[in-house]
Amino acid sequence: MAKLIDGKLYAEGLRKRIAIAVAELKRDHNLIPGLAVVLVGEDPASKVYVANKAKQTVEVGMNSWEHKMPADTSEADLLAMVQKLNDDPSVHGILVQMPVPKHIDSAKVLNTIDPAKDVDGFHVVNVGRLSTGQDALVACTPTGCVMLAKDTLGDLSGLNAVVIGRSNIVGKPVAQLLLTENCTVTIAHSRSKDLASIVRGADLVIAAVGRPEMVKGDWIKLGACVIDVGINRIERDGKNKLVGDCDFASCEAVAGSITPVPGGVGPMTIACLLHNTVKAAAAIKGVKLPEM
Ligand code: GUN
């Protein structure tokens, strides 16, 4: 049976360290990091995410602003909101919740955010910095995955890592981070030929494909570390259930360690967002970043 990787516990610890760092910045530099979140439209899941972000931002002692805009907001009005936040010196982090309504070009919105305030790490400048090994604000879920993998395995150097999924939000950035950790990285996806045999070679599996329970236990190398990024709502036996991209029961029987869903990667995302906001605030103010 695999060791369970407790992302909820790790995220709690990280948030405590962030709260201490925030208190230090306040005391030593009169700096209160601030995060502005913009939500366009009424997507119920997005509303829950945004409310959780605001709550945890306040809990660690930072300033939080929520800007709710109607679903029919024009692209120009959203870009103007982003520009206003770029120009506001009390705002150090800006997050526009995705997805935005279809009539808005999401790439244009993300690339309008000041890269210094881009705590999602989605701006092309931060993506380019990450992929060229320069200091960058890095996307939150990938950062959380690598934190959990390192906490579980120690040094990742030389490991075969297989990333399943190639999204801009998780697959591509997590592959870049794993390269930085000196892994041998394979990026597979839903169209890869013989996915099972690719995954069988992995010491570390990152499943971020968005298909419920797609990865089966007989794909997993004995003792491998499995990080499951999937959050899929399914109905089973007449009940709604959250499941990952891995078939938990069969993978758990073979893996050395595995993240549960929920309680694995999920709680890490917001903790890493707060981490990025503190990092952005210290960099913008030109002060040393406290240990976290
Ligand atoms: N929607 C789902 N995940 C994310 C995320 O990490 N950032 C933003 N901005 N929107 C999301």
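Everything that follows concerns the structure shown earlier in this document.
To start, this report covers the structure provided alongside it. (Residues numbered from 1 in each chain as written. Predicted model: local features only at pLDDT ≥ 70, side-chain atom pairs only at ≥ 80, totals over all residues. Heavy atoms only, no water.)

Observations concerning the overall build of the protein chain
- When you go through the protein chain residue by residue, the secondary structure sums to 10 helices and 11 strands.
- Relative to the compact-globule value of 19 Å for 292 residues, the protein chain shows a C-alpha radius of gyration of 19 Å, a close match.
- Along the first, second and third principal axes, the C-alpha atoms of the protein chain reach 50 × 45 × 35 Å.
- Across the 292 residues of the protein chain, 50% fall into the buried class.
- Within the protein chain, contacts between residues at least 6 apart in sequence are counted, and of these 68% link residues at least 24 apart.
- Carbon and sulfur atoms provide 53% of the accessible area of the protein chain, an area that totals close to 13600 Å². (Helix = DSSP H or I, 4+ residues; strand = E, 2+ residues; numbered from the N terminus. Rg over C-alpha atoms; globule rule 2.2 N^0.38 Å. Buried < 20%, exposed > 50% of the residue type's maximum accessible area, 1.4 Å probe, protein only. Contact = heavy atoms within 4.5 Å. Areas by Shrake-Rupley, 256 points an atom, 1.4 Å probe, with all protein chains shown as cover.)

Topic: the sheet that holds strand β6 (residues 184-188)
- A sheet is described by the order of its strands in space; here six strands give the open sequence β1-β11-β8-β7-β5-β6, paired in parallel fashion. In this open sheet, the two edge strands, each paired with only one partner strand, are β1 (3-4) and β6.
- Strands in contact with helix α6 (residues 140-153) are β1, β7 (204-207), β8 (225-228) and β11 (257-258); relative to β8, the strand with the most contacts, it is inclined by about 155°. (Pairing = 2+ DSSP bridges. Axes fitted to C-alpha atoms, helices over the stretch in contact; angles between N-to-C directions.)

A word on the packing of helix α1 (residues 7-29) against helix α10 (residues 266-285)
- Relative to each other, α1 and α10 sit at 20°, their axes nearing to 9 Å. The orientation of α1 with respect to α10, classified from their angle, is roughly parallel. Along this stretch, α1 crosses α10, giving a crossing that reads as left-handed. Residues Gly7, Lys8, Tyr10, Ala11, Leu14, Arg15, Ile18, Val22, Leu25 and His29 of α1 form the contact with α10, whose participating residues are Pro267, Met268, Ala271, Leu274, His275, Val278 and Lys285.
- Of the residues assigned to the contact of α1 with α10, the class counts are 11 nonpolar, three polar and three charged. (Parallel < 35°, antiparallel > 145°, perpendicular 65-115°, else oblique. Left-handed = near helix turned anticlockwise from the far one by under 90°. Nonpolar A, V, L, I, M, F, W, Y, C, P; charged D, E, K, R; others polar.)

What to know about the environment of Met268
- The topology assignment puts Met268 in helix α10.
- Sequence separation between Met268 and Val209 is 59 residues; the distance between their C-alpha atoms is 18 Å.
- Setting aside residues up to four positions removed in sequence, Met268 forms contacts with Gly7, Tyr10, Ala11, Gly144, Met147 and Leu148.

Topic: the pattern of salt bridges
- The full count for this structure, using the stated rule, is 10 salt bridges.
- Here Lys8 makes a salt bridge to Glu12, at a shortest N to O gap of 3.7 Å. Here Lys8 pairs with Glu12, and both are found in helix α1, just four residues apart, close to one helical turn.
- We classify Glu12 as partly exposed; its relative accessible area is 31%.
- Put simply, Glu66 and Lys68 hold a salt bridge, and the shortest N to O gap is 3.6 Å. (Salt bridge = Lys/Arg side-chain N within 4 Å of Asp/Glu carboxyl O.)

Structural notes on unusual backbone geometry
- Geometrically, the link from Met98 to Pro99 is a cis peptide bond, its omega value of 0° lying close to zero.
- Relative to the helices and strands, Pro99 is located in the loop between β4 (93-96) and α4 (106-110).
- You will see that Glu213, though not glycine, has its phi angle at about 55°, which is positive.
- Positive phi is not limited to glycine here, since Asp237 has a value of about 50°.
- Along the polypeptide, Asp237 turns up in the loop between β9 (232-236) and β10 (239-243).
- Residue Asp237 is classed as exposed on the basis of its relative accessible area of 76%.

Regarding the site of the ligand
- Neighbouring the ligand are Leu95, Val96, Gln97, Met98, Asp120 and Phe122.
- One of the side-chain N or O atoms of Asp120 is found 2.5 Å from a nitrogen atom in the ligand.
- Contact with the protein chains removes 79% of the 280 Å² of surface that the ligand exposes when unbound.
- Residue composition of the shell around the ligand, by class: four nonpolar, one polar and one charged. (Near = heavy atom within 4 Å. Polar contact = N/O pair within 3.5 Å; in protein donor to acceptor, adjacent residues only side chain to side chain.)

Some remarks on a positive patch on the surface
- On the surface, Arg166, Lys172, Arg191 and Arg211 cluster together into a patch of positive charge.
- One can find Arg211 in the loop between β7 and β8. (Patch = residues over 30% accessible without salt bridge, like charges linked within 9 Å, V, L, I, M, F, W, Y side chains within 5 Å. Lys, Arg positive; Asp, Glu negative; His and termini not counted. Charge placed at Lys NZ, Arg CZ, Asp CG, Glu CD.)

Regarding the sheet that holds strand β3 (residues 63-69)
- Within the open sheet, the three strands sit side by side as β3-β2-β4. Their pairing is parallel. Unpaired on one side and paired on the other, β3 and β4 mark the two borders of the sheet. Here the average twist between neighbouring strands, direction ignored, is 15°.
- By the bridge criterion, four bridges tie strand β2 (residues 34-40) to β4 in an arrangement that is parallel. Opposite Ala36, over in β4, you have Ile94 as the bridge partner.
- Across the sheet, helix α2 (residues 44-59) is in contact with β2, β3 and β4; its angle to β3 comes to roughly 160°.

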